[in-house]
Amino acid sequence: MNKNFNIKTNENMKITKALPELPFQKNALHPIITEETFDYHYGKHHAAYVNNLDGLIKNTPLADAPVEDIIKTSYLQGNQNMFNNAAQHWNHSFFWHCISPEGGKTPEGKVATLIDRDFGSFENFKNQFSETAIKLFGCGWAWLAQNELGKLEILPMKEAHTPLVTGKKPILTLDVWEHAYYIDYRNARPKFVESFWEIVNWEFANLNLKLNE
Ligand SMILES: [Fe+2]
């Protein structure tokens, strides 16, 4: 395992209220995800969530709160607009680390062990996760999360929803909003999901498990 890679990932994962830098060049995942998609998905959509959130929290008691607290508080208070923008900012910041030009192949380390334990095999897990991502109706996210007992679960979550408000810990996610794939795959979400396995950042998944220990 490349220690430097982990340290860098860890430092990058302090999610602030600003638009984070991408952990790779915008053309690094071509052709699986093209630079044009990052121009829109990161440069327009993610940036818009950040700008919207900035406007929504200004002069409120949450102005100086960490993003995670804004997500939980707005969720509990039923402030849908603030929740959507805060959660989408967090989810995207997390998602950029779930994909990597050095990713793909099969998982190693603790995530591989837990996948085998909780899903029977990597193939079973891959099939279940893919099916969840493909079948999620409308827009949303397929999450791999760790529950209170340490067990891995696949969670389909609509729109901006995130395991953060369920007490479960995010390990990995795949954005299946149309804006994530429409430029490169048009309406073919299954092809996008299939391609995801070629760029999954398993080191990041392992780091997230480590932080939960
Ligand atoms: Fe997105």
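Scroll up for the structure.
All values derive from a computational prediction rather than experimental measurement.

S.K.: Help me understand the pairing of strand E1 (residues 140–146), please; the structure alone is not making it clear to me.
M.R.: If a strand is regular, its side chains alternate between the two faces of the sheet. Counting buried residues in E1 gives seven out of seven residues, a clear majority hidden from the surface. Of the two faces of E1, the one lined by Gly140, Ala142, Leu144 and Gln146 and the one lined by Trp141, Trp143 and Ala145 are each fully buried. Judged from the seven bridges that link them, E1 and strand E2 (residues 152–158) form a sheet pairing that is antiparallel. For Leu144, the partnering residue across the bridge sits in E2 and is Ile154. Joining the antiparallel neighbours E1 and E2 is a turn of five residues, in which Gly150 adopts a positive phi near 90 degrees. Here E1 runs beside strand E3 (residues 169–175); their pairing, made up of six bridges, is antiparallel. Residue Ala145 lies in a different strand from E3, and its bridge partner there is Pro170.

S.K.: In this structure, what is going on with the layout of surface pockets? I would like to understand it.
M.R.: Quantified by volume, the largest pocket comes out at close to 360 Å³. Every residue lining the largest pocket is counted, 17 residues in all, and those nearest its centre are Glu68, Trp90, Leu164, Pro170 and Asn212. When its residues are assigned to classes, the lining of the largest pocket shows eight nonpolar, four polar and five charged.

S.K.: For this particular structure, what's the right way to read unusual backbone geometry?
M.R.: What is expected of a backbone is that most residues other than glycine have negative phi and most peptide bonds are trans. Here the bond from His30 into Pro31 is cis, since omega is 5 degrees, no more than 30 degrees from zero. In this fold, Pro31 is placed in the loop between helix H1 (3–12) and helix H2 (35–57). Positive phi is not limited to glycine here, since Glu159 has a value of about 50 degrees. Within the secondary structure, Glu159 is located in the loop between E2 and E3. One non-glycine residue, Arg186, lies in the positive phi region at around 50 degrees. Mapped onto the fold, Arg186 is located in the loop between helix H7 (178–185) and helix H8 (189–196).

S.K.: Sorry, what's going on with the environment of Gly103 here?
M.R.: The topology assignment puts Gly103 in the loop between helix H4 (80–98) and helix H5 (109–119). For Gly103 and His179, which are 76 residues apart along the polypeptide, the C-alpha to C-alpha distance reads 22 Å. Apart from the residues within four sequence positions on either side, Gly103 is in contact with Glu198, Ile199 and Val200.

S.K.: For this particular structure, what's the right way to read helix H6 (residues 122–135)?
M.R.: Given 3.6 residues per turn, any residue in an α-helix points the same way as the ones three and four places further on. A rise of 1.5 Å per residue sets the reference length of H6, with its 14 residues, at 20 Å; its end C-alpha atoms lie 20 Å apart and thus fit the reference within 8%. Along H6, the residues that are buried comprise Phe122, Phe125, Lys126, Phe129, Ser130, Thr132 and Ala133. Buried residues in H6, looked at end-on, bunch into an arc of 160 degrees, giving them a common side.

S.K.: Got a minute to help me understand the sheet that holds E3 in this structure?
M.R.: Note: strands within a sheet are paired through backbone hydrogen bonds, in either parallel or antiparallel orientation. Pairing in this open sheet of three strands is antiparallel, and the strands run E2-E1-E3 from one edge to the other. The open sheet is flanked by E2 and E3, the only strands paired with a single partner. Taken over all neighbouring pairs, the strand axes of this sheet differ in orientation by 25 degrees on average, direction set aside. Relative to E3, H4 is tilted by about 85 degrees, and along the sheet it contacts E1 and E3.

S.K.: Before we go on, may I ask you to explain the packing of aromatic side chains in this structure?
M.R.: Here a ring pair, both rings aromatic, is described through the centre-centre distance and the interplanar angle of the planes. Within this structure, the stated rule accounts for 23 aromatic pairs. Look at Phe125 and Phe129: their rings are 5.7 Å apart centre to centre, the planes differ by 45 degrees, and that puts the pair in the tilted class. Of this pair, Phe125 and Phe129 are both found in helix H6, four residues apart, which corresponds to roughly one turn of the helix. By relative accessible area, Phe125 is classed as buried at 0%. A relative accessible area of 0% means that Phe129 is categorised as buried. Seen in terms of ring centroids, Phe129 and Phe196 are 6.0 Å apart; in terms of plane orientation they differ by 15 degrees. Their pairing is stacked. A residue pair is termed long-range when its members are at least 10 positions apart, and Phe129 in helix H6 and Phe196 in helix H8 qualify at 67 residues. Neither residue differs from the other here; Phe129 and Phe196 are each classed as buried. Here a set of aromatic residues connected by ring pairs shows up, and it is made of Phe24, Phe38, Tyr42, Trp90, Phe94, Phe95, Trp96, Trp141, Trp143 and Phe204.

What counts, and at which threshold
- Residues numbered from 1 in each chain as written.
- Predicted model: local features only at pLDDT ≥ 70, side-chain atom pairs only at ≥ 80, totals over all residues.
- Heavy atoms only, no water.
- Buried < 20%, exposed > 50% of the residue type's maximum accessible area, 1.4 Å probe, protein only.
- Helix = DSSP H or I, 4+ residues; strand = E, 2+ residues; numbered from the N terminus.
- Pairing = 2+ DSSP bridges.
- 1 Å grid on protein atoms, 1.4 Å probe; cavity = no way out; pocket = protein on both sides within 12 Å on 5 of 7 lines; lining within 4 Å.
- Points joined across faces, edges and corners; volume = space filled by probe spheres on them.
- Nonpolar A, V, L, I, M, F, W, Y, C, P; charged D, E, K, R; others polar.
- Contact = heavy atoms within 4.5 Å.
- Expected span 1.5 Å × (residues − 1).
- Arc of directions from axis to C-beta.
- Axes fitted to C-alpha atoms, helices over the stretch in contact; angles between N-to-C directions.
- Phe/Tyr/Trp six-rings, centres within 6.5 Å; stacked < 30°, edge-to-face > 60°.

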